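# A structural walkthrough
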Amino acid sequence: MSSVSVREDALRQFETGRIQHLREERLGIQKKTFTKWMNSFLIKARLEVVDLFTDLADGKMLLKLLEIISGEKLGKPNNGKMRVHKIENVNKSLAFLHTK
């Protein structure tokens, strides 16, 4: 290998690593921003999102957020622990959003 191709490979690896780092940084900032935005509404119900992905997984917080924002009642969320119950809550949220 010539020194030019080694240099090009090193530069390409640096660029790829830098792009990946910036992508991860941007996603972290978006996650933090959206979490703060949600908490600004959920404080009315004395709820708080700590981790966006785990706290929204069962759909209960999402239903509550939509109720607060819309001012409408969406019904009681399914409190089951099975995956199907969680999906039911998320689907209820998505169906509500689809109608609006």
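These figures come from a predicted structure and were not determined experimentally.

Definitions and cut-offs
Residues numbered from 1 in each chain as written. Predicted model: local features only at pLDDT ≥ 70, side-chain atom pairs only at ≥ 80, totals over all residues. Heavy atoms only, no water. Buried < 20%, exposed > 50% of the residue type's maximum accessible area, 1.4 Å probe, protein only. Helix = DSSP H or I, 4+ residues; strand = E, 2+ residues; numbered from the N terminus. Contact = heavy atoms within 4.5 Å. pLDDT = per-residue confidence, 0-100. Axes fitted to C-alpha atoms, helices over the stretch in contact; angles between N-to-C directions. Parallel < 35°, antiparallel > 145°, perpendicular 65-115°, else oblique. Left-handed = near helix turned anticlockwise from the far one by under 90°. Patch = residues over 30% accessible without salt bridge, like charges linked within 9 Å, V, L, I, M, F, W, Y side chains within 5 Å. Areas by Shrake-Rupley, 256 points an atom, 1.4 Å probe, with all protein chains shown as cover. Salt bridge = Lys/Arg side-chain N within 4 Å of Asp/Glu carboxyl O.

Once that is clear, we can look at helix H3 (residues 60-70). Those residues of H3 that sit buried are Met61, Leu63, Leu65, Leu66 and Glu67. Against the buried residues of H3 lie helix H1 (3-42), helix H2 (52-55) and helix H4 (83-99). Gly71 lies just past H3 and shows a positive phi near 80 degrees.

Let us look at the confidence of the model for the protein chain. Per-residue pLDDT for the protein chain averages 92, and the proportion of residues at 70 or more is 98%. Model confidence for the protein chain, summarised as mean pLDDT per element, is weakest for H2 at 90 and strongest for H3 at 95.

Before going further, it helps to spend a moment on the packing of H3 against H4. Remark: H3 packs on H4, axes separated minimally by 8 Å, with the N-to-C direction vectors making an angle of 25 degrees. Relative to H4, the element H3 is oriented roughly parallel. Between H3 and H4 lies a crossing whose hand is left-handed. Along the contact surface, H3 presents Lys60, Leu62, Leu63, Leu66 and Ser70, while H4 presents Asn89, Lys92, Ser93, Phe96 and Leu97.

Together, Phe34, Trp37 and Ile69 make up a nonpolar patch on the protein surface, roughly 280 Å² of accessible area in all. Mapping Phe34 onto the fold places it in helix H1.

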